[in-house]
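Notes for the structure review
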Amino acid sequence: MVKILIVDDSATVRKLLVHTFKPKRYQCIEACDGFDALEKLALNPDIRLVISDLNMPNMDGIELIGNIRQNPQYRDLPIIMLTTEASIDNRKIAFDAGANLYLVKPSPAHIILYKVQSLLEADT
Ligand SMILES: [Mg+2]
């Protein structure tokens with residue numbers, strides 16, 4: 001099973017994403033902020049893709065992406081930013097930090113699934 005890391009401070013959003021991916025035989029690891037995500041990533045080096053929120057307490061999504069990209073091991077790890085922040089500025093900041101894709105909430109489940117599959121295929 002392909003492991004993906006779902007990072008969001010909203011338990012509801014995490015639950016929705018898990019419900020999207022589970023039937024498609026993805027194994028979802030959940031994290032509630034950037035710190036938690038880095039910890040989960042260290043514990044699960046076989047995580048193949050990250051979906052992260054932007055606004056979170058303790059460590060936000062931009063800082064998280066910066067931290068992930070600093071590790072040469074995760075230079076090519078696909079990262080999707082999934083956020084309610086639709087501004088061009090935020091998109092630019094996310095891409096500059098190293099995000100591969102930027103999706104605005106609410107994004108339909110089938111779109112998120114399709115994007116994840118595309119990124120994973122490009123990665124292999
Ligand atoms: Mg949030």
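Residues numbered from 1 in each chain as written. Predicted model: local features only at pLDDT ≥ 70, side-chain atom pairs only at ≥ 80, totals over all residues. Heavy atoms only, no water.

As for helix 1 (residues 11-21)
- The complete set of buried residues in helix 1 reads Val-13, Arg-14, Leu-17, Val-18, Thr-20 and Phe-21. Down the axis of helix 1, the buried set is contained in an arc of 155 degrees. They therefore lie on one face. Across helix 1 from its buried face, at more than 90 degrees, point the exposed residues Thr-12, Lys-15, Leu-16 and His-19.
- Elements in contact with the buried residues of helix 1: strand 1 (2-7), strand 2 (26-31), strand 3 (47-52), strand 4 (79-83) and helix 5 (109-123). (Buried < 20%, exposed > 50% of the residue type's maximum accessible area, 1.4 Å probe, protein only. Helix = DSSP H or I, 4+ residues; strand = E, 2+ residues; numbered from the N terminus. Arc of directions from axis to C-beta. Contact = heavy atoms within 4.5 Å.)

What to know about the pairing of strand 4
- The element strand 4 is largely enclosed, with a buried count of five among its five residues.
- Neither face of strand 4 is open: one carries Ile-79, Met-81 and Thr-83, the other Ile-80 and Leu-82, and all of them are buried.
- In this sheet, strand 4 lies alongside strand 3 in parallel orientation, the contact comprising three bridges. Its bridge partner lying in strand 4, Val-50 is registered against Ile-79.
- Regarding topology, helix 3 (residues 61-70) serves as the crossover connection from strand 3 to the parallel strand 4, and that connection is right-handed.
- Judged from the four bridges that link them, strand 4 and strand 5 (residues 101-104) form a sheet pairing that is parallel. Within strand 5, the position partnered with Met-81 by the bridge is Tyr-102.
- Read as a crossover between parallel neighbours, the route from strand 4 over helix 4 (residues 88-97) to strand 5 is right-handed. (Pairing = 2+ DSSP bridges. Right-handed = clockwise from strand over helix to strand, strands pointing away.)

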